[in-house]
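Listed below are the residues making up each chain.
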Amino acid sequence: MLNSKQKTISETISLRGIGLHNGEEVNLTIKPSGPNTGITFKRTDLKTSNEIDANFKNVVEPILCTKLKNENGATISTVEHLMAAFFGEGIDNAIVEVDAPEIPIMDGSAVEFVDAIRSVGVKEQTETRKFIKVLKKVEISEGEKFISIEPLDKDLIVDFEIVYKNPLIRTRRKEFKLSNDNLADIYNSRTFCLYEDIDNIKSIGLAKGGSLDNAIVVQGNKILNEDGLRNRHEFVYHKILDCLGDIMLSGNRIFGHIKTSQGGHALTNKLLNKFFSDKANWSFDNLKNNQNKIQNSYKNPVAISI
């Protein structure tokens, strides 16, 4: 359910994996951080200028992943699954140390990050959370692709449609409503690609660490992974996972209704930039004095704190 207090992790977390796009072995350490510090990435392989704030304004080259860059040129890529785990598990403040320019892809979903967070638990902090309240509808359109955000009281809805010519993926649409839905299937949903796109993706220097261990590969009407899909909506659920991770870069959780068709990292980032560029579009919504009212409005709260 909703909580008015900020949170961090209770203990340090250590993970190891491979970067999806650069193929490098990565050591990842997540440490607790104080109130109002947000999420900070720290490149321990760099001696200076190695901290990068998790902020939508720092997004660059959002091609097949979300990449952040600080003012001195240091970058960190593929942050979206970890950020989605922070979103769902209610982590407001943390330091993420990584010894490579990319967050490890793990199994292609967010579930290993979530399990690690739950294994150490979360710590409630003294400072109050701020929520972003949408005041006006904002939309970005690029041909048939679009994304919008509009007002919604004390809740978040992500209505996501994917459109593929592939006969297996096809057109699929699902709505995630924070107050009613459990995040388990979304957490477990892996990144995916079409078999015929692999050579082109690798030709631009990406997916060097990609394999059937960390991505779903679809060829025609067949899934090449031996175990198949984890759930029947895994394709569109993964897109919702990415979207949650990307909107977490707003720095505060948002109350609003997001609708998108054929969206992705770049489109979500353009929406955030347009939305926050005009103060008439939003305001802060502090829950400290309204907690009972909000809890009563949530008839089916999910078993997470956000």
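Structure first, text after, so check above.
The structure displayed is predicted, hence computed values, not measured ones.

**A few points about unusual backbone geometry**
- Here the phi dihedral of Ser49 falls at roughly 50°; this positive angle occurs in a residue that is not glycine.
- Structurally, Ser49 is set in the loop between β4 (39-43) and β5 (51-53).

**Topic: the packing of helix α5 (residues 234-247) against helix α6 (residues 265-276)**
- Their axes nearest at 10 Å, the elements α5 and α6 cross at an angle of 35°. Two packed elements cross with a definite hand, and for α5 against α6 that hand is right-handed. Here Asp242, Cys243, Asp246 and Ile247 of α5 lie close against α6, whose contacting residues are His265, Thr268 and Leu272.
- Classifying every residue of the contact of α5 with α6 gives three nonpolar, two polar and two charged.

**Focus on the sheet that holds strand β8 (residues 75-77)**
- The three strands are arranged β6-β7-β8 in an open sheet whose pairing can be described as antiparallel. The open sheet has two edge strands, β6 (59-60) and β8, and neither has a second partner.
- Of the strand pairs in this sheet, strand β7 (residues 67-69) and β8 are connected by three bridges, and their pairing is antiparallel. Paired with Lys69 across the two strands is Thr75, which belongs to β8.

**A word on the sheet that holds strand β18 (residues 222-223)**
- What the three strands build is an open sheet, ordered β16-β17-β18; its pairing is mixed. If you trace the sheet from one side to the other, it starts and ends with β16 (192-194) and β18, each paired once.
- Bridge analysis of strand β17 (residues 216-219) against β18 gives two bridges, and the strand direction is antiparallel. Bridge pairing links Gln219 to Lys222 in β18.
- In the packing of α5 onto the sheet, contacts are made with β16, β17 and β18, and the angle to β17 comes to roughly 135°.

**Some remarks on the side chain of Arg253**
- Mapped onto the secondary structure, Arg253 falls in strand β19 (residues 253-261).
- Within the structure, Arg253 has its side chain in polar contact with the backbone oxygen of Phe86 (distance 3.1 Å).

**Structural notes on the environment of Glu142**
- For Glu142, the location among the structural elements is in strand β12 (residues 138-142).
- Note on Glu142: relative accessible area 36%, which makes it partly exposed.
- Non-local contacts of Glu142, meaning those with residues more than four positions away in its chain, are made with Leu267 and Lys270.

**Topic: the packing of aromatic side chains**
- Taken as a whole and judged by the stated rule, the model has seven aromatic pairs.
- Judged by centre distance (4.9 Å) and plane angle (75°), the ring pair of Phe275 and Phe276 falls under edge-to-face.
- You can call Phe276 buried: its relative accessible area is 16%.
- Taken together, a centroid distance of 5.3 Å and an interplanar angle of 65° make the contact between Phe276 and Trp282 edge-to-face. Both residues of the pair, Phe276 and Trp282, belong to the buried class.

So, how was this worked out
Residues numbered from 1 in each chain as written. Predicted model: local features only at pLDDT ≥ 70, side-chain atom pairs only at ≥ 80, totals over all residues. Heavy atoms only, no water. Helix = DSSP H or I, 4+ residues; strand = E, 2+ residues; numbered from the N terminus. Axes fitted to C-alpha atoms, helices over the stretch in contact; angles between N-to-C directions. Left-handed = near helix turned anticlockwise from the far one by under 90°. Contact = heavy atoms within 4.5 Å. Nonpolar A, V, L, I, M, F, W, Y, C, P; charged D, E, K, R; others polar. Pairing = 2+ DSSP bridges. Polar contact = N/O pair within 3.5 Å; in protein donor to acceptor, adjacent residues only side chain to side chain. Buried < 20%, exposed > 50% of the residue type's maximum accessible area, 1.4 Å probe, protein only. Phe/Tyr/Trp six-rings, centres within 6.5 Å; stacked < 30°, edge-to-face > 60°.

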